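Report on the structure
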Amino acid sequence: MSPITFFIFALALVCSAFASPINGTATTLEKRVTHTGRGTWFNVGLGACGKTNVDSDKIVAISSQIYGNGNNCEQYMRITNTANGKSAWGKVRDECPGCGASDIDMSPSLFQELGSLDTGVLKVSWHFENKAFKLP
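Anyway, here's the lowdown on the structure attached to this text. Bear in mind the structure is a predicted one, so any value in this text is a computation, not a measurement.

**A word on the side chain of His35**
Note that His35 resides in strand β1 (residues 35-41). Not counting chain neighbours up to four residues away, the residues in contact with His35 comprise Ile66, Ser102, Val124, Ser125 and Trp126.

**What about the sheet that holds β1?**
Strand order in the closed barrel made by the six strands is β1-β5-β2-β4-β3-β6, with mixed pairing throughout. In this sheet, adjacent strand axes meet at a mean angle of 45° when their direction is disregarded. Judged from the five bridges that link them, strand β3 (residues 76-81) and strand β4 (residues 87-96) form a sheet pairing that is antiparallel. Bridging from a neighbouring strand, Met77 pairs with Gly90 of β4.

**Some details on the pairing of strand β6 (residues 122-128)**
With six of its seven residues buried, β6 lies for the most part within the structure. When β1 meets β6, the two strands line up antiparallel, connected through five bridges. Note that in β6 the partner of Gly39 across the bridge is Leu122.

**Describing the packing of aromatic side chains**
In the structure shown here, the tally under the stated rule is three aromatic pairs. Summarising the aromatic geometry, the rings of Tyr76 and Phe133 are spaced 5.6 Å apart at their centres and angled 75° between planes, so their arrangement reads as edge-to-face. Of this pair, Tyr76 sits in strand β3 while Phe133 sits in the segment after β6, placing them 57 residues apart in sequence. A residue is classified by how much of its surface remains accessible, and Tyr76, at 16% relative accessible area, is buried. Residues Trp89 and Phe133 carry aromatic rings whose centres are separated by 5.5 Å and whose planes lie at 35° to one another, so their mutual orientation is tilted. With Trp89 in strand β4 and Phe133 in the segment after β6, the pair connects residues that are 44 residues apart, well separated along the chain. Accessibility expressed as a relative area gives 26% for Trp89, which makes it partly exposed.

**Here we look at the pairing of β4**
Of all the ten residues making up β4, seven are buried; the element is thus mostly covered by neighbouring parts of the structure. Here five bridges tie strand β2 (residues 59-63) to β4, and the two strands are oriented parallel to one another. Note on β4: the bridge partner recorded for Ile59 is Lys91. Hairpin connection from β3 to β4: five residues lie between these consecutive antiparallel strands, with Gly85 at a positive phi of about 80°.

**Description of the pattern of salt bridges**
Applying the stated criterion to the full structure yields four salt bridges. A salt bridge links Glu74 to Lys91; its shortest N-O distance comes to 3.5 Å. Within this pair, whereas Glu74 is found in the loop between α2 (64-67) and β3, its partner Lys91 is found in strand β4, the two being separated by 17 residues in sequence. Note on Glu74: relative accessible area 31%, which makes it partly exposed. Exposure remark for Lys91: the relative accessible area of 17% places this residue in the buried category. Where Glu74 meets Arg93, a salt bridge forms, and the shortest distance between an N and an O atom there is 2.7 Å. Here the residue Glu74 occupies a position in the loop between α2 and β3, and Arg93 occupies one in strand β4, the gap between them amounting to 19 residues. Exposure remark for Arg93: the relative accessible area of 14% places this residue in the buried category. In this structure, a network of salt bridges that share partners links the residues Glu74, Lys91 and Arg93.

Rules behind the numbers
Residues numbered from 1 in each chain as written. Predicted model: local features only at pLDDT ≥ 70, side-chain atom pairs only at ≥ 80, totals over all residues. Heavy atoms only, no water. Helix = DSSP H or I, 4+ residues; strand = E, 2+ residues; numbered from the N terminus. Contact = heavy atoms within 4.5 Å. Pairing = 2+ DSSP bridges. Axes fitted to C-alpha atoms, helices over the stretch in contact; angles between N-to-C directions. Buried < 20%, exposed > 50% of the residue type's maximum accessible area, 1.4 Å probe, protein only. Phe/Tyr/Trp six-rings, centres within 6.5 Å; stacked < 30°, edge-to-face > 60°. Salt bridge = Lys/Arg side-chain N within 4 Å of Asp/Glu carboxyl O.

This is the structure:
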């Protein structure tokens, strides 16, 4: 075997070793779906997720269509006011039977991070964070 052939063979062998998958822990990626809808506010209390909250908690009620059997309880959402670009995180703790599919109802303190309570209704976009997400 010529030295050039040997070098090419050795290089191919090394490259294939680096391209091989390794055993270990794999991170599962979740598809992020961004919703757009109306954002309103409400005075919180005992929510459908079974937790009692106060108006200063950053709480979200999601539509019955998305709430389903409560699988999103305790999950964080990233919410953005599409008019001014302000964003905030809120935690799902309630169901909003009167909301459209992509509409959300927020605690007063969360709503105020995005706009004025006097506005009453905001156009928002939002998505669920990964279930393991913790506030920074």
